[in-house]
Amino acid sequence: VRRQGKLILDLDSHLVDVAVDWGRRGLVEGFTLLGRTRGSVREWGETVMQGGRELKEAHFEGNGLELDVSESGCLGQGFTEMERLVAALKKDIIVTSLCLARCQLDDICTNMLAGALMRNRTVRELVLCENEISDEGAEALAAALDQNPALQRLDLAENQIGPRGAAQLADGLRRNQ
C-alpha cells in the first residue's frame, strides 16, 4: 500500500490484508500477488493510473487473484498468525489461488486450514507443497474437499502423506466433482 502519488492496494481481500500486515511487521520478507486482465499491460496500467492510482479487484476483470506467501515461517511457529490467516480465508471472496509452500505447516495447521476451506467458496487452487503434512492433515483436507466444490487443485507434493492419506484424498477428490 502506497500513498502520495503512488499505487494504492484497495482489493477488499482479507488474505491480502494479512499478508501486507505480515510484511509491515517483518514476519515475511515479501509476498507475490498476481492478477490477470484481458487487455494489454499498457491499457491496464493507464486505467489504474487514471482511476486515482488505486488498484482494485475490478481491475482484474473477474479473473481472480493469486496470493503466494510461501516460506512464511511465522505460520508454523505458534498459532496466532495461523489463526489470523484462517479467519481471513473464511471471509475472503477475492483470492482464487493461495500458495503456502514451505511454511512449516503441520497437521494441526492443516486441520485449521481445512476448516476454513469448508466456508470459503472462492479459492480454486491451494498449494501446500514442502510442508510437514501427514495422513492426519490429508484426512482433514479430504473432508474439506467434500464440502467445497470450488477447490479444484490441491498441491501436496513433498509432504509426509502415506497410502492411507492418499486414499482419503482420492476419495475426497471423487466426491468433490
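The structure this text deals with has already been given above.
To start, this report covers the structure provided alongside it. (Residues numbered from 1 in each chain as written. Predicted model: local features only at pLDDT ≥ 70, side-chain atom pairs only at ≥ 80, totals over all residues. Heavy atoms only, no water.)

Glancing now at the packing of helix H3 (residues 80-91) against helix H4 (residues 107-117). Contact geometry of H3 with H4 gives a least axis separation of 8 Å together with a crossing angle of 15°. Relative to H4, the element H3 is oriented roughly parallel. Note on packing geometry: the crossing formed by H3 with H4 is right-handed. When H3 is examined against H4, the residues Met82, Glu83, Leu85, Val86, Leu89 and Lys90 are found in contact with a partner set consisting of Cys109, Met112, Leu113, Ala116 and Leu117. Within the contact of H3 with H4, the residues separate by chemical class into nine nonpolar, no polar and two charged. (Axes fitted to C-alpha atoms, helices over the stretch in contact; angles between N-to-C directions. Helix = DSSP H or I, 4+ residues; strand = E, 2+ residues; numbered from the N terminus. Parallel < 35°, antiparallel > 145°, perpendicular 65-115°, else oblique. Left-handed = near helix turned anticlockwise from the far one by under 90°. Contact = heavy atoms within 4.5 Å. Nonpolar A, V, L, I, M, F, W, Y, C, P; charged D, E, K, R; others polar.)

With five of five residues buried, strand E5 (residues 95-99) lies mostly within the body of the structure. As paired strands, strand E4 (residues 65-68) and E5 are joined by four bridges and run parallel to one another. Paired with Leu67 across the bridge in E5 is Leu98. A crossover connection joins E4 to the parallel E5 through H3; in handedness this β-α-β unit is right-handed. Sheet topology places E5 next to strand E6 (residues 125-127); three bridges connect them, and they run parallel. (Buried < 20%, exposed > 50% of the residue type's maximum accessible area, 1.4 Å probe, protein only. Pairing = 2+ DSSP bridges. Right-handed = clockwise from strand over helix to strand, strands pointing away.)

Another point: the pattern of salt bridges. Applying the stated criterion across every chain, the model contains ten salt bridges. Among the ionic pairs, Arg25 bridges to Asp21, the shortest N-O distance being 2.8 Å. Look at Arg25 and you get partly exposed, because its relative accessible area is 44%. Here Arg153 makes a salt bridge to Asp155, at a shortest N to O gap of 3.8 Å. Assessed through its relative accessible area of 39%, Arg153 is described here as partly exposed. Overlapping salt bridges, with partners in common, bring together Asp21, Arg25, Glu81 and Arg84 in one network. (Salt bridge = Lys/Arg side-chain N within 4 Å of Asp/Glu carboxyl O.)

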